[in-house]
Amino acid sequence: MLEYSMLYPKSTVTRRVFSMDGMWKFHIDRQGDGEKEGYPNKIPGFDYIPVPASFQDFYTQKEIREFAGDVWYEKEIFVPKEWKGKNLFLRFGAATHRAAVYVNGKKIMEHEGGFLPFLADVTEAVLYNAVNKVVVKVNNELTVTNIPCGETITLPDGTKMNKPYFDFFNYSGLQRSVSFLAVPKEYIFDFDLDYELAGEDAKIHYDIQTTGEHHVRLLLLDEEGKQAAQAEGKSGIMEVKNARLWQVRQAYLYRLIIRIYDGETILDEYVQEIGIRTIKVEGTSILLNGKPIYLRGFGKHEDSDIVGRGFNIGVMKRDFELMKWIGANSFRTAHYPYSEEIYQMADREGFLVIDEVAAVGLFESLMNFMEANTGKKTAFFEKETTPLLLKAHKRAIEELITRDKNHPCVIAWSLLNEPDTSSEAAVPYFKEVFELAHRLDKQKRPKTFALIMNSVPGVCKCYQFSDIIALNRYYGWYVKGGYEISEAEVLFRKEMDAWKALDLKKPFLFTEYGADTLGMEHKLPSVMWSQEYQDEYLKMTNEVFDSYDFIKGEQIWNFADFQTTEGILRVNGNKKGVFTRQRQPKDAAYLLRERWKKLPLDFKG
Ligand code: BDP
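Since the structure is predicted, the reported quantities are computational estimates derived from the model, not experimental observations.

What counts as what
Residues numbered from 1 in each chain as written. Predicted model: local features only at pLDDT ≥ 70, side-chain atom pairs only at ≥ 80, totals over all residues. Heavy atoms only, no water. Near = heavy atom within 4 Å. Areas by Shrake-Rupley, 256 points an atom, 1.4 Å probe, with all protein chains shown as cover. Nonpolar A, V, L, I, M, F, W, Y, C, P; charged D, E, K, R; others polar. Helix = DSSP H or I, 4+ residues; strand = E, 2+ residues; numbered from the N terminus. Expected span 1.5 Å × (residues − 1). Buried < 20%, exposed > 50% of the residue type's maximum accessible area, 1.4 Å probe, protein only. Arc of directions from axis to C-beta. Contact = heavy atoms within 4.5 Å. Pairing = 2+ DSSP bridges. Right-handed = clockwise from strand over helix to strand, strands pointing away.

Novice: Sorry if this is basic, but what is going on with the site of the ligand here?
Specialist: Taken together, 14 residues lie near the ligand, and Asp167, His335, Glu418, Tyr478 and Lys576 sit nearest. For the ligand, whose free accessible area comes to 320 Å², the fraction covered by protein is 98%. Class assignment of the residues belonging to the shell around the ligand gives a composition of five nonpolar, four polar and five charged.

Novice: I would appreciate a short explanation of helix 7 (residues 485–502) in the present structure.
Specialist: Think of an α-helix as 3.6 residues a turn; residues three or four steps apart then line up on the same face. For helix 7, with 18 residues, the first-to-last C-alpha span of 26 Å sits near the 26 Å given by 1.5 Å per residue. Here helix 7 has its buried residues at Ile485, Ala488, Phe492, Glu495, Met496 and Trp499. All buried residues of helix 7 lie within an arc of 95 degrees about the axis, which places them on one face of the element. Opposite the buried face of helix 7, by more than 90 degrees, sit the exposed residues Ser486, Val490, Lys494, Lys500 and Ala501. Residues of helix 7 that are buried in the fold lie against strand 27 (447–451), strand 28 (469–472), strand 29 (508–512), helix 8 (531–546) and strand 30 (551–557). One or two positions beyond helix 7, positive phi appears at Asp503, with a value near 50 degrees.

Novice: Mind showing me how you'd approach the pairing of strand 29 here?
Specialist: Note on strand geometry: in a regular strand, side chains alternate between the two faces of the sheet. Judged by how many residues are buried, strand 29 sits mostly within the fold: five of five residues are covered. Of the strand pairs in this sheet, strand 28 and strand 29 are connected by four bridges, and their pairing is parallel. Each residue of the ladder has a partner; that of Asn472, found in strand 29, is Glu512. Once you follow strand 28 into helix 7 and on to strand 29, the crossover reads as right-handed. Pairing of strand 29 with strand 30, which is carried by two bridges, proceeds in the parallel orientation. Among the inter-strand pairings, Phe510 is bridged to a residue of strand 30, identified as Glu554. Crossover connection from strand 29 via helix 8 to parallel strand 30: handedness right-handed.

Listed below in structure tokens is the structure:
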């Protein structure tokens, strides 16, 4: 169990939330000696930047955009005296990739992992009815002992530089909201829900964790605010008559109110919207509420102009509108857990989410997506440091599942993206990771990982761990692109025939396929990178998808163009977007829309 509560911050009759978003004082620690220089008490200078945001794209200097090391944030907060006697927490939606939190000069905690929330207990450190100083040191260096994996090199002139083993820009900083919470001494710490459907009715199996022994009561309200069910005690079953189910693109959300009582006094209250639904895999089918579903949608990124990977509420809204327009019903949170607000929106809009932990770059190469084809051996899981990586990875899985388990939109966990599965050493690693996720999830959702191009029958040692076989495939792009596309199709079918021959009795899903396309480029006849070629590529790929019954979904790479490290394969970023980075359609968007609007939800049953 985590040492702090992961519940999303909400004001209720007993809780108070104060947003710390806005302008923070900011300083880049070029010498890396901030502690020695007294930054925990006061950071130097008067530069201010917005939170939430990545710090990289505001500035005009390349050495800031590429900076690897420590950056410092500072903000003052007034703590009212009425909050005496409460637990006071600072909550960071994320700090990429590691952080140390100081209040009034005193170090409160450290956290590693750049895409999940953490809480600093500042109850003892604050001064009441006074201004308090919050200082946060954020470090963005990449290592092979933390996820996502990469390395930090030192250039001949002494400058440090991040070398990601993954294909997205190493945006960092305080990229999500920061809040200050006042929570009662005895409080609701966590809860787990699972659903069982019985005819018209539903049973909600629940477990509530609190920090004390007082009595717990639950109340379930429907969308009109009418009582739909109630229950007493920390664990049990709540019966919902004539339950309205959470369905794909037709969400129904109940409001669950959890309260701790001392007699008739409410000690703590937490409120969350929940959706009643079941999810499971049976044979080659993915079943939502017992009925087969076919996934259509995207691998995405949190990525936009100016704020980088910072949570951008406007971009989130636009993305959902585009996904509805194009007829998508799902997305994967490639390659890290997204901001919590995105899951809340998916809950409301009825989108299916494959929730991915930031285990990407577990393949020792700067361009693993290219080198996977060359047969190069990397033996990633045989490093001396592998146990440390495994520890960080498991911790991130625990944080992810604890944070996201009660979202109806989350239908599967993706535990790794494109790891090196070619050596036996990967097997015990996978075993631990998959067993942990299974144990932590009361709903026992399907678990998966995205297989890199060379993870094929005969080579991949780990696909058996997956409940859904998720393939990232680039036949017609990295393999035999352009005029060789007919050969790409042959090779693609050959691989799919090999999977078919294994008769795994599991659903397959394409978690990636796509072709880089410049938004302005037209060419008749087509060449690679033109809009015409992206369409040709999709026509070929779709035909292959439709030839195999066990393929139960397609999530194209990528929803939108996104920023990467600069290099000869990337033109100011990855251009596989169906939409541009500014969220306007490429030609392929119309082709996909045509297809997806027609595909029934239970396509291929
Ligand atoms: C896959 C990766 C993804 C890359 C993509 C690509 O999972 O992060 O962006 O290929 O090459 O290898 O576009």
